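Each chain is listed here by its residues.
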Amino acid sequence: MFFGYMFVDVMSPLQSLVNTKLGWSPEAFGYYAGAEYMLNVFGFLILAGIILDKMGVRFTGTLSASVMFIGACIKLYAISSLFAGSAFDQWLSSWWVEMPGSAKLAAFGFTIFGCGCEMAGITVSKAIAKWFEGKEMALAMGVEMAIARLGVFAVLSLSPRLADWMGKNDPSVVPPVAFCTVLLLIGLICYVVFTFMDTNLDKQLGASANGEGEEEFKLSDVGGLFKSRLFWIIALLCVLYYSAIFPFQRFGTNMLQCNLHISETQAADLLRWFPIGALCLTPPLGYFLDRVGRGATMLMIGSLLLICCHLIFALALPAFPSQGLALATIIVLGISFSLVPAALWPSVPKVMDSRYLGSAYSLIFWVQNIGLFGIPIIFGAMLEASNQGVTDPTQYDYTNPMLLFAGLGIVALFFAIWLKVLDTRNGYGLDKPNIKSDNDAVRLDGEA
Ligand SMILES: NCCCC[C@H](N)C(=O)NCC(=O)O
């Protein structure tokens, strides 16, 4: 996940470079960013969850890491000089001309990568639930997410510098993307090593061949999930919250550059503190959740902080362009980004049965991916509409698109409050500690 998250954001700090070097407009960049989730939205994630529940974590993890690597290679080719000016490039550029050929092919590669990355995300969550059931599961998930955030921090730091590899006068998008593609191959090898460890665990536990529990997964379980109110509240909270987080990560560098009138590298250096806040706090919050609980409360506080931060970016930063204010807001947003993921993902095994946990995660990811796919496109279009006639990509006005993020946070807060009310009323155990809650949490089977 470390290398996967690096690849996801490798182009995020290079928005103005891809604009000048590859000719991608903000709208084209928005389409490219949303492409990561396209096939997932059109059903691949649902299939991925079924594959996971049927085939187990070893097969699905190896498959997903391979798919990520293949997608990365396609994207690397799309932005390389091998592709530029080729007959394929000319043909791809000849239709839907707002989207250059390189952007179309890179978006296609990113779509393939995105299928692998999200499939890997649900596989890792299920693997952690399997390895840490009844133990420090939230801490383990927190550490996994912290490692992923470290990847974002690393790539925001490295990407602009790797782009200057050939000298500051001739920056290029290719070195950072090539570097992260090689890392994905290393990640695939690491997962293959893990499959041997997981086989050993199964031998120790005397579990079935694919490592899942005795109860068989049934396709009807997926239908049951859709009928659950609890599932929908968690999924909608997830999509609204994350739609104001990951797309922000992609556009944040340019937003800071435009508001603070600083270079791309300086802006990326500021933004990288966002995943660092999350990196430092997610594991301790997971530890707290395992022992003390308060998951539902953490979801509410995290959503509230998100709203405050995006309102500051939208309204206060353009009026008071201070790097101190930007940094403080980024750190608070990082705290929010620890509270919600630390509480959200370990809550799922508390309320859903392990035999369809893969499908539960995949359906939540699926709903989330609809937002992650659509919001960057809407955001890019709003940015373009708010900046008619602005040709310099460092002079954009980000007020309206940032208000969109704040609006998403407000609706997310509503769902977090609803979840807290239901938890208090029905005793799902979301506010209870993980380690002790196994016996008294009400699972979805009980609710439906
Ligand atoms: N590709 C980056 C987005 C990952 C989305 C993924 N479905 C997810 O929500 N992961 C959990 C997290 O908090 O990162």
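As the structure is a prediction and not an experimental result, all values here were calculated from the model.

Structural notes on the overall build of the chain
Item 1. Across its full length, the chain holds 19 helices and 0 strands.
Item 2. Expected size for 448 residues packed as a compact globule is a radius of gyration near 22 Å; at 21 Å, the chain falls within 12% of this value.
Item 3. Overall, the C-alpha framework of the chain stretches about 60 × 45 × 35 Å when taken along its three principal axes.
Item 4. Out of the 448 residues belonging to the chain, those deemed buried represent 56%.
Item 5. Partitioning the contacts of the chain with sequence separation of at least 6, the portion at a separation of at least 24 is 85%.

Observations regarding the nonpolar core
Item 1. Tyr-32, Cys-180, Leu-237, Cys-238, Tyr-241, Leu-299 and Ile-364 are the most contacted members of the largest nonpolar core, which totals 153 residues.
Item 2. Looking at this core, the element that brings in the most residues is helix α4 (residues 38-79), giving 17 residues.
Item 3. Here Leu-237 is in contact with Leu-299, Ala-412, Phe-415, Ala-416 and Leu-419, once residues within four sequence places are set aside.

Some words on unusual backbone geometry
Item 1. Of note, the phi angle at His-261 is positive, near 55°, even though the residue is not glycine.
Item 2. Looking at the element boundaries, His-261 is found in the loop between α11 (246-260) and α12 (264-271).
Item 3. Even without being a glycine, Arg-294 presents a positive backbone phi close to 75°.
Item 4. Within the fold, Arg-294 resides in the loop between α13 (273-291) and α14 (295-319).

Some words on the site of the ligand
Item 1. In the vicinity of the ligand, the contacting residues are Val-8, Cys-117, Glu-118, Gly-121, Met-145, Ala-148, Tyr-242, Phe-246, Pro-341, Phe-365 and Gln-368.
Item 2. With 3 residues, helix α6 (residues 101-132) is the largest single contributor of residues to the shell around the ligand.
Item 3. Considering only residue class, the shell around the ligand consists of 8 nonpolar, 2 polar and 1 charged.

Some words on helix α2 (residues 15-22)
Item 1. Among the residues of α2, those classed as buried are Gln-15, Ser-16, Leu-17, Val-18 and Leu-22.
Item 2. Of the surrounding secondary structure, the elements contacted by the buried residues of α2 are α3 (26-35), α4, α6, α7 (137-163), α11 and α12.
Item 3. Phi turns positive, to about 75°, at Gly-23, one or two residues after α2.

Structural notes on the environment of Leu-372
Item 1. Looking at where Leu-372 falls in the secondary structure, it is placed in helix α16 (residues 357-386).
Item 2. Each C-alpha atom of the pair Leu-372 and Leu-413 lies 18 Å from the other, and the pair is 41 residues apart in sequence.
Item 3. Discounting residues that sit within four places of it in the chain, Leu-372 has contacts with Tyr-37, Tyr-242, Ser-243, Phe-246 and Pro-247.

Notes on the confidence of the model for the chain
Item 1. Per-residue pLDDT for the chain has a mean of 89; in total, 94% of the residues score no lower than 70.
Item 2. Predicted confidence in the chain is weakest over helix α19 (residues 444-447), with a mean pLDDT of 46, and strongest over α14, with 96.
Item 3. Note that pLDDT drops below 50 for residues 209-214; the model gives that stretch 12 contacts with residues more than four away or on any other chain.
Item 4. Counted against residues more than four places away or in other chains, residues 438-448, with its pLDDT under 50, gives 26 contacts.
Item 5. Both scores are given for the predicted complex: the pTM is 0.83, the ipTM 0.95.

Points about α4
Item 1. Over its 42 residues, α4 extends only 20 Å from the first C-alpha to the last, a length that falls short of the 62 Å expected when each residue adds 1.5 Å.
Item 2. Its axis deflected by about 130° at Gly-56, α4 carries its strongest bend there.

With respect to the environment of Gly-302
Item 1. Tracing the sequence through the fold places Gly-302 in helix α14.
Item 2. Gly-302 gets classed as buried once you count the C-beta atoms within 10 Å, which come to 27.
Item 3. Every residue in contact with Gly-302, bar those within four places of it in the chain, is listed here: Ser-336, Leu-339 and Val-340.

What about the packing of α14 against helix α15 (residues 323-351)?
Item 1. The N-to-C vectors of α14 and α15 enclose an angle of 150°; their axes lie 8 Å apart at closest approach. When the interaxial angle is binned, α14 and α15 end up roughly antiparallel. The hand of the α14/α15 crossing is left-handed.
Item 2. Residues belonging to the contact of α14 with α15 are distributed by class as follows: 20 nonpolar, 6 polar and no charged.

How each quantity is defined
Residues numbered from 1 in each chain as written. Predicted model: local features only at pLDDT ≥ 70, side-chain atom pairs only at ≥ 80, totals over all residues. Helix = DSSP H or I, 4+ residues; strand = E, 2+ residues; numbered from the N terminus. Rg over C-alpha atoms; globule rule 2.2 N^0.38 Å. Buried ≥ 20, exposed ≤ 12 C-beta atoms within 10 Å, placed from the backbone. Contact = placed C-beta atoms within 7 Å. Core = buried A, V, L, I, M, F, W, Y, C linked by C-beta atoms within 7 Å. Near = placed C-beta within 6 Å. Nonpolar A, V, L, I, M, F, W, Y, C, P; charged D, E, K, R; others polar. pLDDT = per-residue confidence, 0-100. Expected span 1.5 Å × (residues − 1). Bend = angle between axes of the 7 residues up to and from the residue. Axes fitted to C-alpha atoms, helices over the stretch in contact; angles between N-to-C directions. Parallel < 35°, antiparallel > 145°, perpendicular 65-115°, else oblique. Left-handed = near helix turned anticlockwise from the far one by under 90°.

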